[in-house]
Amino acid sequence: MRRMVLNAALGRTARARRDPAEALTAWRERLRATLATADGEPDAADWAFAEDLGFLLQCFAAVPELTPLGWTIQLRSAQQRFENRLRVKWIHARNPLVGAAPVESPVFVVGLPRAAGSLAHRVLAASPGHRGPLLWELQRTGLDDAGRSRNAVERQVTALRRLAPDYDAVRPLWADRPEESTEVLWRTLAPLACAPLPDDFRHDLDQSDVTGDYQYLKQVLQVLQYGERPRRWILRSPWDVAHLDVIRHVFPDAVFVWMHRDPVFAVPSFCSLVERLTALHCKEADPAAIGRQWLPILADAIERGRKLRRSLPEGTVADVNHHRFTGYPHEFAPLLFERIGAEWTLSDRNGLNAILDDPARSKPHAYTLERYGLDKAEVCAAFGDYRQEVADLRG
């Protein structure tokens, strides 16, 4: 009901959602407003970033089922991303020491979405010697006004929770908890989880060089760690698995924690998340279309990651089985710490207990392959021998 009322209220102000040309005009108006209050001038890379965001908004405007709410969410997100980029750039320009500090031995949690990556991320980031970037830090990166920034993001999260309680039950967001670095990476498949975007989006994405994304991520981390005691960054994005080579180029001493889950279960779980996110942006969500779209995408990402890891130095990847880690965390969390060269302490054990006891953890939700027009044979064929690799990890 809240969504229906809000869509009705936003209808007149969100007319640009119906036409890609009008969408681009609306975006340029937002850019002018942002630049009027910016501390610095954008360079060529910043303008290219703005063009990428404009193209993305045009792709959303080409979706017939896009709602006023869906358009408003994406337009606001694009503006926040551009504002944040300019702010990070200004901080680096004002204080060269920010960019001079290294980001040492970061840990990237990779694998299929819905493969216990969030749990591993939280457990690793909770360690006193580690650090995971918080949601508000990724959206409003800066050295000042931390309280105001945190409160602003918390208000947005609260609004989302009210508008989409079914999504929040599966993928809860918290302003002051470690969150995916997707919040600052922009050349990812994340927008496709919000709406069935036209083929131009995938084509453009496939031709893109994501090196700039991870260089920007590094700049964000340098801002966040400036003036703090050195800690090891724990990072996560479901799209990292297809870019292991780029990550190692930008972060030469990065290591990876690869969370493995049987695709027969991971795929429908992710599709259920996409269905809820699409319902927030579009008038209707077609489960069968979601399944057809995402099965090859997820399979291709895993296959690309498997090929890329062959060129990585030995010991760079720590393989973790979803079933073991979620079923016996007190046994396998210490082993994971050992694999990445970290010490497991009493503080870490207490932190794990607090995470497991947290009532806000994602609750189990029902999902089936059949709902998304898929069957076990199709998933097995798409992922080839990867299922056997996952099974071998279970021992």
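Nothing here was measured: the structure is a model prediction, and the numbers come from that model.

### With respect to the packing of aromatic side chains
In step 1: Per the stated rule, a full pass over the model turns up 11 aromatic pairs.
In step 2: For the ring pair Phe 49 and Phe 82, a centre distance of 6.3 Å and an interplane angle of 15° mean the geometry is stacked. In this pair, Phe 49 sits in helix α3 (residues 44–61) while Phe 82 sits in helix α4 (residues 68–94), placing the two residues 33 residues apart along the sequence.
In step 3: For Phe 49, a relative accessible area of 2% puts it in the buried group.
In step 4: Centroid distance Phe 49 to Trp 186: 4.6 Å. Interplanar angle 80°. Geometry classified as edge-to-face. Of this pair, Phe 49 sits in helix α3 while Trp 186 sits in the loop between α9 (165–170) and α10 (199–206), placing them 137 residues apart in sequence.

### Quick notes on the environment of Ser 105
In step 1: The topology assignment puts Ser 105 in the loop between α5 (96–100) and β1 (107–111).
In step 2: Between the C-alpha atoms of Ser 105 and Pro 252, which are 147 residues apart in sequence, the distance is 8.0 Å.
In step 3: Those residues in contact with Ser 105, other than ones at most four positions away along the chain, are Arg 232 and Asp 253.

### A closer look at the sheet that holds β1
In step 1: In space, the five strands of this open sheet follow the order β2-β3-β1-β4-β5, with parallel pairing throughout. Two strands in the sheet have a free side with no partner beyond their single neighbour: β2 (130–131) and β5 (317–321).
In step 2: As paired strands, β2 and strand β3 (residues 232–236) are joined by two bridges and run parallel to one another. Its bridge partner being in β3, Arg 131 is matched across the sheet by Trp 233.
In step 3: The sheet contacts of helix α11 (residues 211–225) involve β1, β2 and β3, and relative to β3 the element is tilted by about 135°.
In step 4: In this fold helix α16 (residues 329–339) packs onto β2, β4 (255–260) and β5, with an angle of close to 170° to the strand it touches most, β5.

### Some points on the nonpolar core
In step 1: The biggest cluster of nonpolar side chains holds 117 residues, and the ones touching the most others in it are Trp 27, Phe 251, Trp 294 and Phe 383.
In step 2: The residues touching Phe 251, leaving out its near neighbours within four places in the chain, are Val 103, Pro 106, Phe 108, Tyr 214, Leu 217, Lys 218 and Leu 221.
In step 3: Of all hydrophobic cores here, the second largest spans seven residues; its members include Leu 134, Leu 135, Val 153 and Leu 173.

### Topic: the environment of Leu 160
In step 1: On the secondary structure map, Leu 160 appears in helix α8 (residues 146–163).
In step 2: Leu 160 sits 128 residues away from Arg 32 along the chain, and the two C-alpha atoms are 27 Å apart.

### Observations concerning the pairing of β4
In step 1: Most of β4 is tucked away: six of the six residues are buried.
In step 2: Of the two faces of β4, the one holding Val 255, Val 257 and Met 259 and the one holding Phe 256, Trp 258 and His 260 are both buried throughout.
In step 3: In terms of strand pairing, β1 meets β4 through five bridges, oriented parallel. Within β4, the residue paired with Val 109 across the bridge is Val 257.
In step 4: When β4 meets β5, the two strands line up parallel, connected through five bridges. By the bridge assignment for β5, Phe 256 is matched with Val 317.

### Quick notes on α8
In step 1: Here α8 is 18 residues long and its end C-alpha atoms lie 26 Å apart, about the 26 Å a rise of 1.5 Å per residue gives.
In step 2: Listed in full, the buried residues belonging to α8 are Ser 149, Ala 152, Val 153, Val 157 and Leu 163. All buried residues of α8 project into a common sector of 135° when viewed along the axis, lining one side. Exposed and facing more than 90 degrees away from the buried side of α8 are Arg 148, Arg 155 and Arg 162.

### Focus: the environment of Trp 47
In step 1: Checked against the element boundaries, Trp 47 lands in helix α3.
In step 2: Expressed as a C-alpha distance, the spacing of Trp 47 and Phe 82, which sit 35 residues apart in the sequence, is 9.6 Å.

### Here's the deal with the state of the cysteines
In step 1: Overall, the coordinates contain zero disulfides when judged by the stated rule.
In step 2: Free of any disulfide, Cys 282 has its nearest neighbouring cysteine sulfur in Cys 194, separated by 8.6 Å.
In step 3: Its sulfur unpaired, Cys 380 is 15 Å from the next cysteine sulfur, which belongs to Cys 271.

### What about unusual backbone geometry?
In step 1: Backbone geometry at Ser 105 places phi at a positive 45°, although glycine is not the residue there.
In step 2: In this structure Ser 105 comes out as partly exposed when scored by relative accessible area, which is 26%.
In step 3: Despite not being glycine, Arg 114 has its phi angle at roughly 65°, a positive value.
In step 4: By the element assignment, Arg 114 lies in the loop between β1 and α6 (117–125).

Here is what the cut-offs are and how they apply
Residues numbered from 1 in each chain as written. Predicted model: local features only at pLDDT ≥ 70, side-chain atom pairs only at ≥ 80, totals over all residues. Heavy atoms only, no water. Phe/Tyr/Trp six-rings, centres within 6.5 Å; stacked < 30°, edge-to-face > 60°. Helix = DSSP H or I, 4+ residues; strand = E, 2+ residues; numbered from the N terminus. Buried < 20%, exposed > 50% of the residue type's maximum accessible area, 1.4 Å probe, protein only. Contact = heavy atoms within 4.5 Å. Pairing = 2+ DSSP bridges. Axes fitted to C-alpha atoms, helices over the stretch in contact; angles between N-to-C directions. Core = buried A, V, L, I, M, F, W, Y, C linked by side-chain atoms within 4.5 Å. Expected span 1.5 Å × (residues − 1). Arc of directions from axis to C-beta. Disulfide = S-S within 2.5 Å.

These figures come from the coordinates and say nothing about function on their own.
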